[in-house]
Amino acid sequence: MRRHVVITGTLWLILTFLGELWVLGTEFNPPGYAREARTIDGAFQTLMVMGIPVFAFVIAVLAYSILRFRTRGDPTEDGPPIRGNVILTASWLAVTSALAVLVIINPGLTGMAELRHEQPADLVVKVEGGRWYWRVQYPQYNVDTRKELVLPVDKRVRFEVTATDVVHSFWVPAFRVKIDAVPGLVTTTHATPNRLGSFEQDDGVRLQCAELCGVGHNLMRTPVRVVTQAEFDAWVAQQRASR
Ligand SMILES: [Cu+2]
(Lines give C-alpha, C1' and ligand atoms only; values in the text may rest on other atoms or scores of the structure.)
Protein backbone atom coordinates (compact mmCIF):
# COMPACT_ATOMS: atom_id res chain seq x y z
CA MET A 1 0.00 0.00 0.00
CA ARG A 2 2.78 2.41 1.01
CA ARG A 3 4.58 1.78 -2.30
CA HIS A 4 1.43 2.60 -4.29
CA VAL A 5 1.02 5.86 -2.38
CA VAL A 6 4.67 6.87 -2.86
CA ILE A 7 4.66 6.16 -6.59
CA THR A 8 1.30 7.88 -7.18
CA GLY A 9 2.37 10.85 -5.02
CA THR A 10 5.61 11.26 -6.94
CA LEU A 11 3.79 11.07 -10.25
CA TRP A 12 1.30 13.66 -8.93
CA LEU A 13 4.10 16.07 -7.98
CA ILE A 14 5.85 15.70 -11.34
CA LEU A 15 2.63 16.23 -13.33
CA THR A 16 1.70 19.22 -11.17
CA PHE A 17 5.12 20.78 -11.68
CA LEU A 18 4.99 20.31 -15.46
CA GLY A 19 1.40 21.53 -15.62
CA GLU A 20 2.14 24.69 -13.64
CA LEU A 21 5.16 25.42 -15.85
CA TRP A 22 2.89 25.14 -18.89
CA VAL A 23 0.13 27.32 -17.41
CA LEU A 24 2.46 30.06 -16.16
CA GLY A 25 4.37 30.12 -19.44
CA THR A 26 1.35 30.29 -21.75
CA GLU A 27 -0.78 33.27 -22.74
CA PHE A 28 -4.27 31.82 -23.12
CA ASN A 29 -6.23 35.03 -23.66
CA PRO A 30 -6.35 37.26 -26.72
CA PRO A 31 -5.08 40.85 -26.27
CA GLY A 32 -7.16 42.89 -23.81
CA TYR A 33 -8.10 46.49 -24.55
CA ALA A 34 -9.57 47.53 -21.19
CA ARG A 35 -8.49 47.69 -17.58
CA GLU A 36 -11.26 45.21 -16.72
CA ALA A 37 -9.63 42.59 -18.96
CA ARG A 38 -6.78 42.24 -16.44
CA THR A 39 -9.22 41.24 -13.70
CA ILE A 40 -10.97 38.66 -15.88
CA ASP A 41 -7.73 37.23 -17.31
CA GLY A 42 -6.25 37.14 -13.80
CA ALA A 43 -9.24 35.10 -12.62
CA PHE A 44 -8.74 32.60 -15.46
CA GLN A 45 -5.05 32.34 -14.56
CA THR A 46 -5.80 31.77 -10.86
CA LEU A 47 -8.37 29.07 -11.63
CA MET A 48 -5.98 27.32 -14.03
CA VAL A 49 -3.18 27.38 -11.44
CA MET A 50 -5.56 25.95 -8.82
CA GLY A 51 -7.02 23.40 -11.24
CA ILE A 52 -3.71 21.88 -12.34
CA PRO A 53 -2.97 20.00 -9.06
CA VAL A 54 -6.53 18.61 -8.99
CA PHE A 55 -6.33 17.47 -12.62
CA ALA A 56 -2.81 16.06 -12.08
CA PHE A 57 -4.07 14.10 -9.05
CA VAL A 58 -6.86 12.47 -11.07
CA ILE A 59 -4.50 11.63 -13.94
CA ALA A 60 -1.79 10.27 -11.60
CA VAL A 61 -4.21 7.94 -9.75
CA LEU A 62 -5.90 6.89 -12.99
CA ALA A 63 -2.65 6.22 -14.89
CA TYR A 64 -1.07 4.27 -12.02
CA SER A 65 -4.22 2.22 -11.45
CA ILE A 66 -4.57 1.37 -15.12
CA LEU A 67 -0.95 0.21 -15.37
CA ARG A 68 -0.52 -1.45 -11.97
CA PHE A 69 -3.90 -3.09 -11.42
CA ARG A 70 -4.88 -4.02 -14.95
CA THR A 71 -6.36 -7.47 -15.60
CA ARG A 72 -6.45 -9.44 -18.80
CA GLY A 73 -9.95 -10.02 -20.18
CA ASP A 74 -13.05 -9.37 -18.09
CA PRO A 75 -12.45 -9.04 -14.32
CA THR A 76 -14.35 -11.67 -12.34
CA GLU A 77 -15.40 -9.31 -9.56
CA ASP A 78 -15.21 -5.68 -8.37
CA GLY A 79 -12.40 -4.57 -6.10
CA PRO A 80 -13.12 -4.35 -2.35
CA PRO A 81 -15.02 -1.19 -1.33
CA ILE A 82 -13.41 1.31 1.05
CA ARG A 83 -15.65 1.71 4.09
CA GLY A 84 -15.16 3.35 7.45
CA ASN A 85 -11.96 5.20 6.58
CA VAL A 86 -12.78 8.34 8.57
CA ILE A 87 -9.47 10.09 7.93
CA LEU A 88 -9.79 9.69 4.16
CA THR A 89 -13.42 10.87 4.16
CA ALA A 90 -12.79 13.81 6.48
CA SER A 91 -9.69 15.06 4.65
CA TRP A 92 -11.42 14.71 1.26
CA LEU A 93 -14.36 16.77 2.55
CA ALA A 94 -12.08 19.37 4.18
CA VAL A 95 -9.83 19.83 1.14
CA THR A 96 -12.61 20.07 -1.47
CA SER A 97 -14.70 22.41 0.74
CA ALA A 98 -11.70 24.63 1.40
CA LEU A 99 -10.94 24.84 -2.33
CA ALA A 100 -14.57 25.72 -3.11
CA VAL A 101 -14.67 28.46 -0.45
CA LEU A 102 -11.31 29.81 -1.61
CA VAL A 103 -12.55 30.11 -5.20
CA ILE A 104 -15.72 31.89 -4.05
CA ILE A 105 -13.58 34.46 -2.21
CA ASN A 106 -10.73 34.75 -4.70
CA PRO A 107 -11.16 35.30 -7.62
CA GLY A 108 -14.96 35.39 -7.08
CA LEU A 109 -15.72 38.14 -4.55
CA THR A 110 -12.42 39.99 -4.97
CA GLY A 111 -12.87 40.11 -8.76
CA MET A 112 -16.48 41.31 -8.47
CA ALA A 113 -15.38 44.05 -6.09
CA GLU A 114 -12.68 45.16 -8.54
CA LEU A 115 -15.11 45.28 -11.46
CA ARG A 116 -17.85 47.04 -9.54
CA HIS A 117 -15.89 49.62 -7.58
CA GLU A 118 -18.01 52.71 -7.73
CA GLN A 119 -16.06 55.33 -9.59
CA PRO A 120 -17.97 58.01 -11.43
CA ALA A 121 -17.99 57.43 -15.19
CA ASP A 122 -16.33 59.89 -17.57
CA LEU A 123 -18.62 58.95 -20.40
CA VAL A 124 -22.11 57.44 -20.61
CA VAL A 125 -23.01 55.37 -23.65
CA LYS A 126 -26.55 54.11 -24.15
CA VAL A 127 -26.67 50.88 -26.09
CA GLU A 128 -29.87 49.48 -27.56
CA GLY A 129 -30.05 46.01 -29.04
CA GLY A 130 -32.74 45.10 -31.57
CA ARG A 131 -33.22 42.52 -34.28
CA TRP A 132 -30.61 42.89 -35.69
CA TYR A 133 -28.56 45.94 -34.92
CA TRP A 134 -26.84 47.81 -32.11
CA ARG A 135 -27.82 51.44 -31.67
CA VAL A 136 -25.25 53.52 -29.80
CA GLN A 137 -26.13 56.88 -28.25
CA TYR A 138 -23.93 59.43 -26.48
CA PRO A 139 -26.40 61.57 -24.49
CA GLN A 140 -23.62 63.96 -23.38
CA TYR A 141 -22.84 64.76 -27.02
CA ASN A 142 -26.18 64.21 -28.71
CA VAL A 143 -24.70 61.54 -30.99
CA ASP A 144 -26.75 58.57 -32.23
CA THR A 145 -25.36 55.92 -34.57
CA ARG A 146 -25.65 52.28 -35.58
CA LYS A 147 -22.36 52.15 -37.47
CA GLU A 148 -19.71 51.83 -34.77
CA LEU A 149 -18.87 52.25 -31.11
CA VAL A 150 -16.11 54.82 -30.69
CA LEU A 151 -14.51 55.30 -27.26
CA PRO A 152 -11.74 57.58 -25.98
CA VAL A 153 -8.79 55.78 -24.39
CA ASP A 154 -8.29 55.86 -20.59
CA LYS A 155 -11.82 57.07 -19.86
CA ARG A 156 -14.19 55.12 -17.67
CA VAL A 157 -17.32 54.38 -19.65
CA ARG A 158 -20.71 53.39 -18.25
CA PHE A 159 -22.80 51.41 -20.69
CA GLU A 160 -26.55 51.63 -20.16
CA VAL A 161 -27.88 48.67 -22.06
CA THR A 162 -31.39 47.77 -23.14
CA ALA A 163 -33.26 45.95 -25.91
CA THR A 164 -36.36 46.67 -27.97
CA ASP A 165 -37.69 43.19 -28.75
CA VAL A 166 -36.04 40.06 -27.34
CA VAL A 167 -33.14 39.41 -24.99
CA HIS A 168 -29.75 40.20 -26.52
CA SER A 169 -26.36 40.37 -24.85
CA PHE A 170 -23.86 43.21 -24.99
CA TRP A 171 -20.37 41.75 -25.33
CA VAL A 172 -17.04 43.31 -26.26
CA PRO A 173 -14.56 40.39 -26.26
CA ALA A 174 -11.50 42.66 -26.12
CA PHE A 175 -12.86 44.31 -22.95
CA ARG A 176 -14.00 40.95 -21.45
CA VAL A 177 -17.22 42.73 -20.52
CA LYS A 178 -20.67 41.25 -21.06
CA ILE A 179 -24.19 42.12 -19.86
CA ASP A 180 -27.68 41.04 -20.89
CA ALA A 181 -29.74 43.49 -22.96
CA VAL A 182 -33.32 43.00 -21.76
CA PRO A 183 -36.48 44.68 -23.12
CA GLY A 184 -38.00 47.08 -20.58
CA LEU A 185 -34.91 47.07 -18.41
CA VAL A 186 -31.68 49.08 -18.31
CA THR A 187 -28.66 47.04 -17.28
CA THR A 188 -25.30 48.69 -16.73
CA THR A 189 -21.69 47.66 -17.04
CA HIS A 190 -18.40 49.54 -17.10
CA ALA A 191 -15.21 49.43 -19.11
CA THR A 192 -12.09 51.55 -19.16
CA PRO A 193 -10.43 51.09 -22.56
CA ASN A 194 -6.67 51.37 -22.03
CA ARG A 195 -5.23 50.51 -25.43
CA LEU A 196 -5.77 52.07 -28.85
CA GLY A 197 -7.20 49.73 -31.46
CA SER A 198 -9.94 48.96 -33.88
CA PHE A 199 -11.91 46.07 -35.35
CA GLU A 200 -9.87 46.31 -38.55
CA GLN A 201 -6.69 45.51 -36.63
CA ASP A 202 -8.12 42.97 -34.18
CA ASP A 203 -11.52 41.32 -34.56
CA GLY A 204 -11.85 41.00 -30.77
CA VAL A 205 -12.46 44.75 -30.74
CA ARG A 206 -16.13 44.50 -31.62
CA LEU A 207 -19.53 44.76 -30.03
CA GLN A 208 -21.13 41.36 -30.47
CA CYS A 209 -24.52 39.98 -29.47
CA ALA A 210 -23.82 36.99 -27.23
CA GLU A 211 -27.39 35.71 -26.85
CA LEU A 212 -28.96 33.73 -29.70
CA CYS A 213 -31.79 36.05 -30.77
CA GLY A 214 -32.96 34.80 -34.14
CA VAL A 215 -31.78 34.21 -37.70
CA GLY A 216 -29.89 37.52 -37.86
CA HIS A 217 -28.06 36.98 -34.57
CA ASN A 218 -24.67 36.90 -36.31
CA LEU A 219 -25.39 40.28 -37.92
CA MET A 220 -25.35 41.97 -34.51
CA ARG A 221 -21.68 42.73 -34.76
CA THR A 222 -20.61 46.38 -34.62
CA PRO A 223 -17.02 47.55 -35.00
CA VAL A 224 -15.42 49.17 -31.94
CA ARG A 225 -12.67 51.78 -32.06
CA VAL A 226 -10.58 52.96 -29.13
CA VAL A 227 -9.09 56.34 -30.07
CA THR A 228 -7.29 59.27 -28.48
CA GLN A 229 -9.37 62.02 -26.87
CA ALA A 230 -8.57 64.36 -29.80
CA GLU A 231 -9.73 61.77 -32.35
CA PHE A 232 -12.85 61.17 -30.28
CA ASP A 233 -13.68 64.89 -30.16
CA ALA A 234 -13.18 65.12 -33.93
CA TRP A 235 -15.45 62.10 -34.48
CA VAL A 236 -18.16 63.61 -32.25
CA ALA A 237 -17.98 66.92 -34.14
CA GLN A 238 -18.22 65.11 -37.46
CA GLN A 239 -21.20 63.03 -36.27
CA ARG A 240 -23.04 66.15 -35.12
CA ALA A 241 -22.28 68.00 -38.36
CA SER A 242 -23.65 65.14 -40.48
CA ARG A 243 -27.01 64.97 -38.66
CU1 LIG B 1 -29.07 39.69 -30.40
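As shown above, the structure is provided for reference.
Parameters at a glance
Residues numbered from 1 in each chain as written. Predicted model: local features only at pLDDT ≥ 70, side-chain atom pairs only at ≥ 80, totals over all residues. Heavy atoms only, no water. Axes fitted to C-alpha atoms, helices over the stretch in contact; angles between N-to-C directions. Helix = DSSP H or I, 4+ residues; strand = E, 2+ residues; numbered from the N terminus. Left-handed = near helix turned anticlockwise from the far one by under 90°. Nonpolar A, V, L, I, M, F, W, Y, C, P; charged D, E, K, R; others polar. Salt bridge = Lys/Arg side-chain N within 4 Å of Asp/Glu carboxyl O. Donors = N, O, S within 2.8 Å, 3.2 Å for Na, K, Ca; no water. Tetrahedral: all angles 85-135°; square planar, octahedral: opposite > 155°, others 65-115°. Pairing = 2+ DSSP bridges. Expected span 1.5 Å × (residues − 1). Bend = angle between axes of the 7 residues up to and from the residue. Core = buried A, V, L, I, M, F, W, Y, C linked by side-chain atoms within 4.5 Å. Buried < 20%, exposed > 50% of the residue type's maximum accessible area, 1.4 Å probe, protein only. Contact = heavy atoms within 4.5 Å.

A.B. asks: Looking at this structure, how should I read the packing of helix α1 (residues 2–24) against helix α2 (residues 35–68)?
C.D. replies: Where α1 meets α2, the closest approach of the two axes is 8 Å, and the angle between their N-to-C directions is 145°. Considering the relative orientation of α1 and α2, their crossing is right-handed. Class assignment of the residues belonging to the contact of α1 with α2 gives a composition of 18 nonpolar, five polar and three charged.

A.B. asks: What is the right way to look at the pattern of salt bridges in this model?
C.D. replies: Here the idea is simple: oppositely charged side chains can pair when their charged atoms come close. Across all of its chains, the model carries six salt bridges by this definition. For the salt bridge of E160 with R158, the shortest nitrogen-to-oxygen distance reads 2.9 Å. Within the structure, one salt-bridge network assembled from shared partners comprises E128, R135 and D144.

A.B. asks: Explanation requested: the coordination of the copper ion in the structure shown.
C.D. replies: Note on metal sites: the ideal angle is 109.5 degrees for four tetrahedral donors, and 90 or 180 degrees for six octahedral donors. For the copper ion, the protein coordination sphere consists of H168 (ND1), C209 (SG), C213 (SG) and M220 (SD), at 2.0 to 2.6 Å. Classification of the site at the copper ion as tetrahedral follows from its four donor atoms and the range of 88 to 126° in their angles at the metal. In the primary structure, the donors to the copper ion are separated according to the pattern H-x40-C-x3-C-x6-M. Of this pair, H168 sits in strand β6 (residues 168–172) while C209 sits in strand β10 (residues 206–209), and the two are 41 residues apart along the sequence.

A.B. asks: Looking at this structure, how should I read the sheet that holds strand β3 (residues 143–145)?
C.D. replies: Backbone hydrogen bonds hold the strands of a sheet together, and the pairing may be parallel or antiparallel. The mixed open sheet is built from five strands, whose spatial order is β3-β2-β1-β5-β8. The open sheet terminates on both sides in strands that have one partner only, identified here as β3 and β8 (187–191). Pairs of neighbouring strands in the sheet enclose a mean axial angle of 20°, with direction left out of account. By the bridge criterion, three bridges tie strand β2 (residues 133–138) to β3 in an arrangement that is antiparallel.

A.B. asks: What is the right way to read helix α3 (residues 86–116) from this model?
C.D. replies: In an α-helix, one full turn covers 3.6 residues, which means residues spaced three or four apart are oriented alike. If you check α3, its first and last C-alpha atoms are 43 Å apart, about what 31 residues at 1.5 Å a residue would give, namely 45 Å. At I105, α3 shows its strongest bend, of approximately 25°, with the proline P107 following within four residues.

A.B. asks: Looking at this structure, I do not really get the pairing of strand β11 (residues 221–227). What am I missing?
C.D. replies: Residues in a regular strand point their side chains to alternate faces of the sheet. Relative to β11, strand β4 (residues 149–152) is paired through four bridges, and the arrangement is parallel. Across the sheet, the residue bridging to L149 is V224, located in β11. Looking at chain direction, strand β9 (residues 197–198) and β11 are connected through two bridges and run antiparallel. If you follow G197 over to β11, its bridge partner there is V226.

A.B. asks: Would you explain the nonpolar core in this entry?
C.D. replies: A general tendency of soluble globular proteins is for nonpolar side chains to be buried together. Within the largest apolar cluster, 35 residues are counted, with the highest numbers of intra-cluster contacts made by V125, Y138, L149, F159, F170 and F175. Here the element with the most residues in this core is strand β5 (residues 157–163); it accounts for four residues. Dropping the residues within four chain positions of it, F175 is found in contact with Y33, A34, E36, A37, L151, A191, P193, V224 and V226.

That's the geometry; what it means functionally is another story.
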